[in-house]
Amino acid sequence: VQLQACGGGSVQTGDSLRLACAASERPGSSYAMAWFRQGPGKEREFVAAVRYSGTTHYADSVKGRFAISRDNAKNTVFLQLNSLKAEDTAVYYCAAGGGVILSSIRNVAAYDYWGQGTLVTVSS
């Protein structure tokens, strides 16, 4: 399974972006999809996840500004980034995994497949 992410770019504070990530094939039954990010000199951190049912989960730092959604028919996950801040600057990675339990949904290790990353740069 390969994940291909796109949609990153350079924007100003307060702008919006929409990221997309498509899987080459279905990653498994009832798979979860998620976005993580890694800023300069930082560890990879959880941003948002959506379970196969559509239930969503967000990091506190993006709640109310970002929205994750998915199209199960196309094995695709989206991340709408609104009201962007300088601290949102990072490489954003999409991930997919089957059998991700709720208590692990924010953990890097819970996901089997990863995209190559797309860079989001926010400047003031």
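Now for a look at the structure at hand. Everything numeric in this text was worked out from a predicted model, so none of it was measured. (Residues numbered from 1 in each chain as written. Predicted model: local features only at pLDDT ≥ 70, side-chain atom pairs only at ≥ 80, totals over all residues. Heavy atoms only, no water.)

The helix and strand tally for the protein chain stands at 0 helices and 11 strands. Starting at the N terminus and walking to the C terminus, you meet the elements of the protein chain as β-β-β-β-β-β-β-β-β-β-β. Over its C-alpha atoms the protein chain spans a radius of gyration of 13 Å, differing by no more than 12% from the 14 Å that the globule rule assigns to 124 residues. With the C-alpha coordinates of the protein chain rotated into their principal frame, the extents come out at 40 × 25 × 25 Å. Relative to its full complement of 124 residues, the protein chain shows a buried share of 44%. Sequence separation of 24 or more characterises 58% of the internal contacts of the protein chain that already satisfy a separation of 6 or more. Split by element, the accessible area of the protein chain, about 6000 Å² in all, is 47% carbon and sulfur. For the protein chain, the separation between the mean place of its 12 positive charges and that of its 9 negative charges on side chains is 5 Å. (Helix = DSSP H or I, 4+ residues; strand = E, 2+ residues; numbered from the N terminus. Rg over C-alpha atoms; globule rule 2.2 N^0.38 Å. Buried < 20%, exposed > 50% of the residue type's maximum accessible area, 1.4 Å probe, protein only. Contact = heavy atoms within 4.5 Å. Areas by Shrake-Rupley, 256 points an atom, 1.4 Å probe, with all protein chains shown as cover. Lys, Arg positive; Asp, Glu negative; His and termini not counted. Charge placed at Lys NZ, Arg CZ, Asp CG, Glu CD.)

Taking strand neighbours across the sheet as the criterion, the 4 strands line up as E1-E3-E8-E7 in an open arrangement whose pairing is antiparallel. Each of the sheet's edge strands pairs with one partner strand only, and the pair in question is strand E1 (3–6) and strand E7 (66–71). Strand after strand, the sheet turns through a mean of 15° between neighbouring axes, direction not considered. (Pairing = 2+ DSSP bridges. Axes fitted to C-alpha atoms, helices over the stretch in contact; angles between N-to-C directions.)

Turning next to the state of the cysteines. Considering all chains together, one arrives at 1 disulfide under this definition. Shown here is the disulfide that connects Cys21 with Cys94, its sulfur atoms set 2.0 Å apart. Here the disulfide of Cys21 and Cys94 is right-handed, its torsion about the S-S bond being about 55°. On the criterion of sequence distance, the pair formed by Cys21 in strand E3 (residues 17–23) and Cys94 in strand E9 (residues 90–97) is long-range, its members being 73 residues apart. Residue Cys21 is classed as buried on the basis of its relative accessible area of 1%. Note on Cys6: no disulfide assigned, nearest cysteine sulfur contributed by Cys21 at a separation of 8.3 Å. (Disulfide = S-S within 2.5 Å.)

Right, let's talk about the pairing of strand E8 (residues 76–81) for a bit. With 5 of 6 residues buried, E8 lies mostly within the body of the structure. Note that E3 and E8 share 6 bridges and pair antiparallel. Bridging across to E8, Ala20 finds its partner in Phe78. In the sheet, E7 pairs with E8 via 6 bridges, with the strands oriented antiparallel. Residue pairing across strands places Ala67 opposite Gln80, the latter belonging to E8. Two successive antiparallel strands, E7 and E8, enclose a turn made up of 4 residues, where Asn75 displays a positive phi of approximately 50°.

Our next topic: the pattern of salt bridges. Under the criterion given, the structure shown has 4 salt bridges. Here Glu45 makes a salt bridge to Arg37, at a shortest N to O gap of 2.7 Å. Judged by relative accessible area, which is 6%, Arg37 ranks as buried. Between Arg37 and Asp88 there is a salt bridge, with the nearest N and O atoms lying 2.9 Å from each other. Here the residue Arg37 occupies a position in strand E4 (residues 32–38), and Asp88 occupies one in the loop between E8 and E9, the gap between them amounting to 51 residues. In this structure Asp88 comes out as buried when scored by relative accessible area, which is 1%. (Salt bridge = Lys/Arg side-chain N within 4 Å of Asp/Glu carboxyl O.)

This part takes up the nonpolar core. Core analysis: the largest hydrophobic core is formed by 38 residues, its most contacted members being Trp35, Leu79, Tyr92 and Tyr111. Put simply, the parts of the chain that give this core at least two residues each are E1, E3, E4, strand E5 (45–50), E7, E8, E9 and strand E11 (118–123). (Core = buried A, V, L, I, M, F, W, Y, C linked by side-chain atoms within 4.5 Å.)

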